[in-house]
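Each chain, written out:
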Amino acid sequence: MAIKKVLRYGEESLRQPSKEVHKVSKKIVDLVRDLFDTMYAQNGVGLAAPQIGVNLRVFVVDASTKDNPLDPMVFINPKIIKKSGAIKSTEGCLSFPEAYTDVVRYKDIMVKATNEHGKSFVMEVKGGNLLARCIQHENDHLDGILFIDHCLNRFEADEVLKKYHLPPIEPDKLLDEEELKSQL
């Protein structure tokens, strides 16, 4: 369909909660195509609708690797219904060009969503792999949460943001994840 502009950190709409999708219409299918086109053009592994200025609960993921080939996936109105364990990883985001920082995520998750054909599905992902981390990252976008809100070291993250001319951490947005961090 079309390659869209990816909003950069600092754009207020990235912090807005997204609205539920009530019907998988042609508009939603076109949005999914735009998300994939934009994600692939930017060499990303995931992209959420809010990142292209559409505040609907939709994201796409292609976490395929040489060692783990996967099909591209669509998540509409996703809900993480089970989560456990913890894993530290380095994350980046297409809305934060070239900026990476260490974050903590759940190692194992179960997500319920609808695909682009209007079919509900449940998926369990274990082991803290790229897919598990990507689903959590993109799902956060739908709630106005950004990966830096999970950062392990606020001051290191601020230095990275400064290096790439991005706004600093918003201290009031940092998540209290002491219980999760204690599992590392």
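Up top you'll find the structure we're talking about.
Scoring rules and cut-offs
- Residues numbered from 1 in each chain as written.
- Predicted model: local features only at pLDDT ≥ 70, side-chain atom pairs only at ≥ 80, totals over all residues.
- Heavy atoms only, no water.
- Helix = DSSP H or I, 4+ residues; strand = E, 2+ residues; numbered from the N terminus.
- Contact = heavy atoms within 4.5 Å.
- Expected span 1.5 Å × (residues − 1).
- Buried < 20%, exposed > 50% of the residue type's maximum accessible area, 1.4 Å probe, protein only.

(A) Summary view of the side chain of Ser 18. Within the element layout of this structure, Ser 18 appears in the segment before helix H1 (26-41). In contact with Ser 18, other than residues within four places in its own chain, are Pro 50, Asn 55, Leu 56, Arg 57, His 141 and Leu 142.

(B) Representation of H1 in the model. Across its 16 residues, H1 extends 22 Å between first and last C-alpha, which sits within 8% of the 22 Å expected from 1.5 Å per residue. The set of residues buried in H1 consists of Ile 28, Asp 30, Leu 31, Val 32, Asp 34, Leu 35, Phe 36, Thr 38 and Met 39. On the buried face of H1, the contacting elements are strand S1 (46-48), strand S2 (58-61) and strand S3 (73-84). Trailing H1 by a residue or two, Asn 43 shows a phi angle of about 60°, which is positive.

(C) Broad picture of unusual backbone geometry. Even without being a glycine, Asn 43 presents a positive backbone phi close to 60°. For Asn 43, the location among the structural elements is in the loop between H1 and S1. Backbone geometry at Glu 98 places phi at a positive 70°, although glycine is not the residue there.

The quantities given are spatial measurements derived from coordinates; they are silent on function.
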